[in-house]
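Survey of secondary and tertiary structure
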Amino acid sequence: MTDVALLTAMAILFVVAGPVLLIAKGLRLSIIPSLILAGLFVGQLGLIDGALMLELARLGIAFLVFTFSVQIHTEEVRTVVSNTEVVAIVQAFVLGVLGILFALVVGIVLESGVVPGVGLEEPVTVEQALFVGIAAALSSVIVGTALFAKPQSDIVHDYLSSEIDSVSDFLAVFVLLVVSAGTFALDPIATQFGYGVMLLGAAIVINRYLFGIMERLASGSDEAMLISIVALLIVFLAAADFLDTSIVVGAFAAGLAVRDNPVEYSEVFNGLNSIQEFFVAIFFATVGALVTLPSPLAVTADPSATLGPFVPVATIALGLVVLTVVIKPIVIGVLLVYNGYDRRSATVTGLTLDHVGAFSVIVAIEALILGLLIEPVFEGIILAAAVSMILSNLTHTYDEEIYGLLVDRGWLGQPYHDVDDWNSVPEDMSDHVVIVGYGRHGRRLVEFCEEVDQPYVVIENNPQALPDLRANCGAYVFADAIEPETADASNLEAARLVISTADSKPLTEHFLSFSDTVDVIVRTRELPMAADLIERGATYVIVPDLLAADQLADSLGALLNGEYDPDELRAESMSELNPERAPPRFSTAESTSHTGEPNR
Amino acid sequence: MVDVGLASDVAIILVAAALVGVLAVRLGQPTIIGYILTGVVIGPVGLGLVEPSIITDTMAELGLAFLLFLLGIKMRIDEIRHLIAPIVKISIPQMVAVGAVGFGFAVLLPFSFEEAVIIGLAVVYSSTAVVIKMLNDKGEATSLHGKIDVGVLLAQDIVVVIILAVLAAGRPDGVADVAVTLGIVMVLVTITTVAAIAASRYVLPSLFRQIADDTRLLFLVAISWLFLFVLVSDQINLILSPIGIDAYLSIEMGAFLAGLAIAQLPYSKDLQGLVNPLTDLFVMVFFVSVALDFEASDLLAYWQEAVVVAVGLMIVKFVVFFLLLNWQRFDLETTFLGSIGMIQVSEFGIVVAVAAVESEPPFIGQAELGFITLVALMTMSVSVYFIQYNRQLFERVEPYLSRWEQSDPVQPADTEYRNHVVVIGYDEIARRALRILEEQYDQIVVIDRNVEHVEAIEDAGYDALFGDFKYAKIRKDAGVKYADFVFSSSDQVEINEILLRETTEETTVFVEARTVEEAAQLYDAGAEYVVLAPQLGIAQFIEYLESYVGDRSTFDREIAADMELLRSGQLFPDITDRVGGDDD
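Residues numbered from 1 in each chain as written. Chains lettered and ligands numbered in written order. Predicted model: local features only at pLDDT ≥ 70, side-chain atom pairs only at ≥ 80, totals over all residues.

1. So, the environment of Gly404(A)
Within the secondary structure, Gly404(A) sits in helix 17 (residues 399-409). Measuring from C-alpha to C-alpha, the distance between Gly404(A) and Val263(A) comes to 45 Å, with 141 residues separating the pair along the chain. (Helix = DSSP H or I, 4+ residues; strand = E, 2+ residues; numbered from the N terminus.)

So this is what it looks like as structure tokens:
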């Protein structure tokens, strides 16, 4: 009864994607490049009606942007820009300019006909070059939430990369809004922008006033709520369509209109999530399927005629890959070191962000649909995205090894200190406790050492913690703990005990190598890891849950034995939360942890 | 380029259905009714705003496929094995009886013999979409009457596939022709079933174990698995025609079997949560599009006849099912609920009728197709109310049905948890809690989303549920509402708030938090005790450190028990726990 061509196309995409995803999982590749690859395979079969699939794929974009903007709370948007965010913006700017220049050069070379038989039907204009620049600049992986939830990680480079990523997300959404709203040829940019603002305004009005009515109407039915939200999204998409603006603007506005209430409507948000996953998968696979590779058969038959049109695509892709995989980590690294981060954190951060971002793919496809981008440039960007994402996976997995290699070659120079007081340890310090990390745990340990007059040295590498270090710590080394000079500066060999409070594998390994001369206590969240660490010389392993379990066992036992009834327990434990009545160390740990918090 | 534009038919369908759907919920009506009405109102019969497009048709098709896939995922073979015999014994006589009655009605009314045969064939089935959607919404899909209904629906589904295959082959040349088609379909269904079951036993467990920790991957690979079956069922004719076999398999059958294979894995619960919303979305499009294919004149050509037949069929279907279920010794309630659910004519009836119209030469005309569709729409709509209020209805009529009471009915298996302990997330704190709790409670169920944890928990002899606590399905299966004690070792505030919303005053709830602010928030939400794990942990560690600084041998003694535990390197070490910590 139906024309199932679309269904068949979808089925083929997914059937191919499944095994590709499984193989990718085995190779520890992430999902997005795997989907693009799967699409690439299917695309070469020539079975897919691109135009039709694209319609479904655009729902993927819509949902992606939508769920991203749902998480934005209009009341809570920050206006303060942190150091790292400046790094992210400068990085994007530098790479963007490099990308534009590169594309223009490629365009001029092709135009001049230096290479015979290779050329483009349309010239690479500044507009085209702009999109190559965008692809080079933005490395987001659609993390979004990181900007609103505080980073959970102890590790400096982890929080650095997630912060840079989320800035990148925002830049990408902004670019998308501008690109799609602003570059329509016929209308003046201002009008288009006006429509965009109108939609956003409508969204905020809905968020504040109408959404509550919607909630009441759905009267607690998850299904009704889910379809209402989907319908709301569709209405905004249609409105965007009607106003001749991109659906991205519509989806973004729709997201703002929905109140983020993941607790009350957990099922609804789960639902949106899985609908999104489905369409996003279709989106990335379709993007892959839109790229035409020269078929091997045709190449052997007539190399020049087949490869001719592909050369520009490959050149752009290759250039972008070099820009993102090689140049970008260097730019990020230099910028971070300049901002006071140590060379290891800077390098490792660069190595996690060295790819064309997922949002850039969306920008490219929107531009293609709007007729702003010519096919070869589009294909170049998509290929570069797939390749650079896969390479980025690799560099991320082997980041410490790559860093080691670079240091051994001497390419990173000497450790760089932009502050004179990077080390405040007295020469003759001995029999002291070395505390690695000045997060919540580190601070508590410092307080304890001061209470019992135990000499100590703190090692910390986060510049944001530096003011606190100066103010509160008698002796500290502000540097990467793994650098040999850090061990020297902290007189590690003469120490009595090293306590590493960071749950980081390279750090843990580094300190365990000293376990012959000093006592070493390391930390891990994973209980099964602990056996191995003890085997390798750890004096003790901090497993926070194991320690907490002891304390909990008392309360639980008392409750079950009937010593307490639930209400008493509740009343008593609540009163312990009150800082005045809590044990003194406990509360100070809390009150000092409000600044430089990322290192917790 | 196809101008779907987002202001197109799909958009209108989604928005209109959402509006009517919300209205339906508001008025206490089932959403299906809202969706079907939407189709009538915005389709050619009503305002004529939309016509079916490739995208709506595809979404509708996906809706059925996902619905059956979801159903498959819920079917654990161990739980339904004992029902297979009674279901076969019920479904075959039922189809014969209802088919005969449908034929009889049609012959009495102004239909030709041939038309009457098609009408008879079309009204046999009950609606998979309606029954399963309603059972899911009411949470009765895995109750005894739910399982029976689902089993019968699947048996009917096989028959639909056969009928469609026969109709697609054109006017049969004789009994032999029908028999061959029948044989091929039966063989294909058997092969697919065997393949699915074999895969679920030998291939899928290791495959899914590798990916289960990653929700996105699990979801996408499961969808890929579904589409593999959809693709094969859909293209079976293409695959087999080179060797001279005309074959036909329904996408729905394939989807069901794909789901069935996954259902046997421990990860199926999580997948239900993931697949459900997509199903809701696509099924909505399906119900809306049911009424989209018709012009008002065709649909209403035989409206009086349709009303008579609809009423007659509903009564006959109920009586037939009631007698058959009773004959199979199900208890009165199950018999009643199982029968009342099945009184409608299926969307498959429409599919069969469409095939009959499209057959060369056609068996029936547009007006007869409209008649069958109208009967289906009316019976579906009415039956939705019967299912919605099935228990209330049963209470009303129970006194009059006492003569049908069974003395020794088939008993449903009861596996629900009551007054038990639920532990969310497995870690060292949870392990310690488990050891203490098991002295007081018999039933303990642990929810975790990590394959290794779940295996360790099961090895240690507790019940384990693989899944994400965020999903209502998991919470329901763990019986969180009826738990006496819940211990959450998740430190995500969101998870714990969801938990505290679900539990009642009577349940004692322990949760974990990272910061004092979060802890305060959770106490406000009603937690009995909030474990501030990081703070507790560091407090304990500093006690150790105090000994270390003072007297090394005391330190060694204090950490001895910890060290033993740490050295074991096991998730669930079989070591006697320390007798509490030092009291503060």
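Back to the text.
2. Looking at the packing of helix 23 (residues 544-561) of chain A against helix 20 (residues 428-437) of chain B
Close contact between helix 23 of chain A and helix 20 of chain B brings their axes to 8 Å; oriented N to C, the two are set at 30°. Judged by the inter-axis angle, helix 23 of chain A sits roughly parallel to helix 20 of chain B. Regarding helix 23 of chain A and helix 20 of chain B, the two cross each other, and that crossing is right-handed. In this structure, helix 23 of chain A contributes Asp545(A), Leu546(A), Ala548(A), Ala549(A), Leu552(A), Ala553(A), Leu556(A), Gly557(A) and Leu560(A) to the contact, and helix 20 of chain B contributes Glu428(B), Ile429(B), Arg432(B), Ala433(B) and Ile436(B). Taken together, the residues of the contact of helix 23 of chain A with helix 20 of chain B sort by class into 10 nonpolar, 1 polar and 3 charged. (Axes fitted to C-alpha atoms, helices over the stretch in contact; angles between N-to-C directions. Parallel < 35°, antiparallel > 145°, perpendicular 65-115°, else oblique. Left-handed = near helix turned anticlockwise from the far one by under 90°. Contact = placed C-beta atoms within 7 Å. Nonpolar A, V, L, I, M, F, W, Y, C, P; charged D, E, K, R; others polar.)

3. Things to note about the pairing of strand 1 (residues 433-436) of chain A
Regular strands place their side chains on alternate faces of the sheet. Residues and elements named next belong to chain A. A two-sided burial pattern is seen for strand 1, the buried positions comprising Val433 and Ile435 on one face and Val434 and Val436 on the other. In this sheet, strand 2 (residues 456-460) lies alongside strand 1 in parallel orientation, the contact comprising 4 bridges. Looking at strand 2, one finds that Val436 is bridged to Ile459. Between the parallel elements strand 1 and strand 2, the chain passes through helix 18 (residues 440-451) in a crossover that is right-handed. With 4 bridges connecting them, strand 1 and strand 4 (residues 497-500) associate as parallel partners. From the neighbouring strand, Val436 faces strand 4, where its bridge partner is Ser500. (Buried ≥ 20, exposed ≤ 12 C-beta atoms within 10 Å, placed from the backbone. Pairing = 2+ DSSP bridges. Right-handed = clockwise from strand over helix to strand, strands pointing away.)

4. Concerning unusual backbone geometry
Of note in the backbone geometry, Asp431(A) takes a positive phi value of approximately 55° without being a glycine. Position of Asp431(A) among the secondary structure elements: in the loop between helix 17 and strand 1. Classification of Asp431(A) as exposed rests on a count of 11 C-beta atoms within 10 Å. Backbone geometry at Arg329(B) places phi at a positive 65°, although glycine is not the residue there. The residue Arg329(B) is located in the loop between helix 15 (303-327) and helix 16 (332-340) in this model. A residue is classified by how many C-beta atoms lie within 10 Å of it, and Arg329(B), with 14 of them, is partly exposed.

5. Regarding the interface of chain A and chain B
The interface is formed by 89 residues belonging to chain A together with 97 residues belonging to chain B. In the side of chain A that touches chain B, the residues fall into 58 nonpolar, 16 polar and 15 charged.

6. Focus: the sheet that holds strand 4 of chain A
Residue and element names in this part refer to chain A. Read across the sheet, 6 strands follow the order 3-2-1-4-5-6 without closing on themselves; strand pairing throughout is parallel. Of all strands in the sheet, those with a lone pairing partner are strand 3 (476-478) and strand 6 (540-542), marking the two edges. For this sheet, the mean inter-axis angle between neighbouring strands, taken without regard to orientation, is 15°.

7. Remarks on the confidence of the model for chain A
All names here are of chain A. The predicted model of chain A averages 79 in pLDDT, with 85% of residues at 70 or higher. Here helix 25 (residues 584-591) is the element of chain A with the lowest mean pLDDT, 35, and strand 1 is the one with the highest, 92. Ignoring residues within four places in sequence, the model shows residues 579-600, a span with pLDDT below 50, making 36 contacts including any to other chains. (pLDDT = per-residue confidence, 0-100.)

8. Quick word on the sheet that holds strand 2 (residues 444-448) of chain B
Residues and elements named next belong to chain B. Read from one edge of the open sheet, 6 strands run 3-2-1-4-5-6, paired in parallel fashion. Two strands bound the open sheet, and with one partner strand each, they are strand 3 (463-466) and strand 6 (529-532). Across the sheet, the mean angle from the axis of one strand to that of its neighbour is 15°, orientation sign disregarded. Looking at chain direction, strand 4 (residues 485-488) and strand 5 (residues 508-513) are connected through 3 bridges and run parallel. Note on strand 5: the bridge partner recorded for Phe485 is Thr508. Helix-sheet contacts for helix 20 involve strand 1 (421-424), strand 2, strand 4, strand 5 and strand 6, and the interaxial angle to strand 1 is about 170°. Sheet strands touched by helix 23 (residues 493-502): strand 1, strand 4 and strand 5. Its angle to strand 5, the strand with the most contacts, is close to 170°.

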